[in-house]
Amino acid sequence: MTPETAQQKIAELRAEVARHDERYHRQAQPEISDFDYDQLKRSLAELEARFPQFATGESPTGRVGDDRAEGFATYRHRLPMQSLDNTYSEAELREFHTRLGRVLERVELDYVVEPKIDGLAVSLTYEHGKLVRAVTRGNGVEGDDVTANIRTIKTLPDELKPVKDAPIPEVIEIRGEVYMTLAEFARINVDREEAGEPLYATPRNLAAGTLKLLDRAEVAARKLEIVLYGLGYCEPVGAVGETQSGFHALVRGWGLPTVEKTWTAPSIDEVWAAVQELDRMRRDFSYATDGAVVKLDPLKLQREAGGTSKAPRWAMAYKFAAERAETLLKGVTIQVGRTGVLTPVAELEPVQLAGTTVSRATLHNRDEIARKDIRIGDRVYVEKAGEIIPVVLGVNTAKRTPECVPYAFPANCPVCATPVVQLAGEVALRCPNYACPVQVRRRVQHFASKGCLDIDGLGVAMVDTLVDKSWVRGIADLYRLNRDDLLTLGKSVEKSTDNLLAAIEASKRAELWRVIHGLGITHVGATAAKDLAKHFGNLEALAAAKYENFIAGNKESVINGIGETMALAIIAHFQKPENAALARELSELGVNPVAPETAAPTGNRFAGKTYVLTGTLPSMTRDEAGAKIEAEGGKVSGSVSKKTSYVLAGAEAGSKLEKAQALGVTVIDEAEFLRMLAAE
Ligand code: IVH
């Protein structure tokens, strides 16, 4: 390679890596697999090493990615957050050990092997044992302050539990990884699929996207988790013992969530055995893992080994290549979701992949097919993204034949033939026909499903039949079913028909949240439906609600748990005439759901008083405090006004506290509140 071509190639690769960094770290929407990304970066590093004259200046090989996003305050880490060097090869892992041995002038070295969690890095600061801040890695030097979002993680204690004989450090930065469990990832994707919204490709993307939401209620509704494994700044120095393995034990002792298994290994052979054992057991972990991290165990030797600004010399990630397979793309079918979104699905020649047979994979949307230039008849690569949903990564173009034909995305809905539309700002194409039989089917199936009205006898197949017969053209028709019609469905169906009709009748008095959830409003899951039911008390009030009923002038939520994203989705839902009509029709048909019981007050200490709760209280959740207020005859409101009697403020209280101060409303803390509760 001539220096000229090398220079040009370096420039191209830098631009390419920078583009993928942006998609991965800032947008949480990677276009290529981790493996391909690592290879790209490696080619760049190799070229830069061969042609050092061009290795100067800004290169993505010399820095960690940058995850900083709009809307967050930035915070400077007391000690930079580094990345890790990685390899996919056993030989290179062994070289890492040899190199370290040379640097440290030792033959024997003790290591710790940990799972490499596929999430996103954060640094937590505890001062005198109390959580004061959570910051993302950012560019390694400074990151986004995501404390409020991190506090939604239920398994993360606000305060460290004392450990015998180990005083809690005055200040400690503890590093770890925020992730989403595979179960939670699946739950959210099922909701999105039902709603016809694009699916998240991996739990990591979903966790990254969630941590950077500005809508805290939405963050709380999607359960994030965290594990902690690393030490940053610590004062006094040495307060955490002398080894990485000891640090793990201490972190666990403090009550912090940490990795379920680590290995100590006194030789590189034992390191390799541990890595392989981890690979065998990692699918049982609640988080996705993409490798093993091998670290020197003695902290003193870690310090001695040092590192570059980007990565330590005392640690190395060994990454497990995601299993991928090549197979034939036989055709493309289109799935139509509840809201009419058309999703292209690859029909594949069945192939074995990570323990299962894969015969279908998602192609996401029309733009993805065009971008990857995927043609029917191609040999395509499939991979399980985050080990779960199979995706078509791309084409083996070397095997393309002239018979391979580009896929023409349908211009009409494959079910009802209505011309498809693309809404402004969306990549998806939709069938705009509200009466499209698939949409009707999915809407009714959702309404009748276990998580919603839970109507016995109204499973997926029964709904299909009712829609096929045109007896059901929408949810309301369930309440207009005719017994004589149903009896024509077969011989001796009398009993099942009567049971079904009784179950439908009983659903008229279902709990209100079930009906709200059943309407299939975008973003509104069961939890949000419960909050809405409690606040509005009936469907009519929810359908008529305006922006200010959800979000106060200072942008704070009026209803605990309901943020702006959801508020806008609810308003948009009921603005559609067919949805507004459904709410009215249901009521006319006698659907009269039961509002949640508000427990009758047992005392009257707070009668006539209105409280606003804000921030994190030391010993109880805001809901628990709210229940205590209501039990004493008081009211809880979501926004501060002159009529507010008290603002009960905890840590990280935001604009509600400011507003209370501006209006001269009395602000109390939890201790004061407890005194009021105990007062005679
Ligand atoms: S140690 C200076 N340990 O992987 C040491 N990192 O690719 C840096 N990661 O930025 C981190 N699991 O976000 C460490 N057990 C583990 C990890 C881990 C996941 C992440 C971390 C890091 C990235 C590097």
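Notes on the structure follow. (Residues numbered from 1 in each chain as written. Predicted model: local features only at pLDDT ≥ 70, side-chain atom pairs only at ≥ 80, totals over all residues. Heavy atoms only, no water.)

Moving on to the overall build of the chain. Helix and strand content of the chain: 24 helices and 23 strands. Against the compact-globule benchmark of 26 Å for 680 residues, the chain has a radius of gyration of 29 Å, which places it among compact chains. Seen along its three principal axes, the alpha-carbon backbone of the chain occupies a region of about 85 × 85 × 45 Å. Counting over 680 residues, the chain shows a buried share of 48%. The contacts of the chain with a sequence gap of at least 6 include a subset with a gap of at least 24, amounting to 68%. Of the accessible surface of the chain, which amounts to about 32,000 Å², a share of 51% is contributed by carbon and sulfur atoms. Across the chain, the mean location of the 85 positive side-chain charges is 2 Å away from that of the 95 negative side-chain charges. (Helix = DSSP H or I, 4+ residues; strand = E, 2+ residues; numbered from the N terminus. Rg over C-alpha atoms; globule rule 2.2 N^0.38 Å. Buried < 20%, exposed > 50% of the residue type's maximum accessible area, 1.4 Å probe, protein only. Contact = heavy atoms within 4.5 Å. Areas by Shrake-Rupley, 256 points an atom, 1.4 Å probe, with all protein chains shown as cover. Lys, Arg positive; Asp, Glu negative; His and termini not counted. Charge placed at Lys NZ, Arg CZ, Asp CG, Glu CD.)

Across seven bridges, strand E12 (residues 324–336) lies against strand E13 (residues 341–353) in antiparallel orientation. Bridge pairing in E13 links Thr333 to Val345. Hairpin geometry of E12 and E13 is characterised by an intervening segment of four residues between the two adjacent antiparallel strands and by a positive phi of about 90° at Gly340. Pairing of E13 with strand E19 (residues 429–430) involves two bridges; the strand directions are antiparallel. Paired with Leu342 across the two strands is Leu429, which belongs to E19. Of the strand pairs in this sheet, E13 and strand E14 (residues 356–362) are connected by six bridges, and their pairing is antiparallel. Residue pairing across strands places Ala346 opposite Ala361, the latter belonging to E14. (Pairing = 2+ DSSP bridges.)

Contacts to the ligand come from 14 residues, most closely from Glu114, Lys116, Arg137, Glu177 and Lys295. Between the ligand and the protein, one listed contact pairs a nitrogen atom with a side-chain N or O atom of Lys295 at 3.0 Å. When the free accessible area of the ligand is taken as 520 Å², the share hidden by the protein chains comes to 87%. Elements that contribute at least two residues to the shell around the ligand include exactly strand E3 (111–117) and strand E10 (289–296). In terms of residue count, E3 provides more of the shell around the ligand than any other element does, four residues in total. (Near = heavy atom within 4 Å. Polar contact = N/O pair within 3.5 Å; in protein donor to acceptor, adjacent residues only side chain to side chain.)

Before going further, it helps to spend a moment on the nonpolar core. Of all hydrophobic cores here, the largest spans 52 residues; its most connected members are Ile516, Val524, Leu532, Leu542 and Phe550. Secondary structure elements with two or more residues in this core: helix H12 (437–448), helix H13 (460–468), helix H15 (494–506), helix H16 (512–518), helix H17 (526–536), helix H18 (539–544), helix H20 (564–575) and helix H21 (577–588). One finds Ile150, Ala207, Ile226 and Trp254 within the second-largest nonpolar core, a separate group that totals 37 residues. (Core = buried A, V, L, I, M, F, W, Y, C linked by side-chain atoms within 4.5 Å.)

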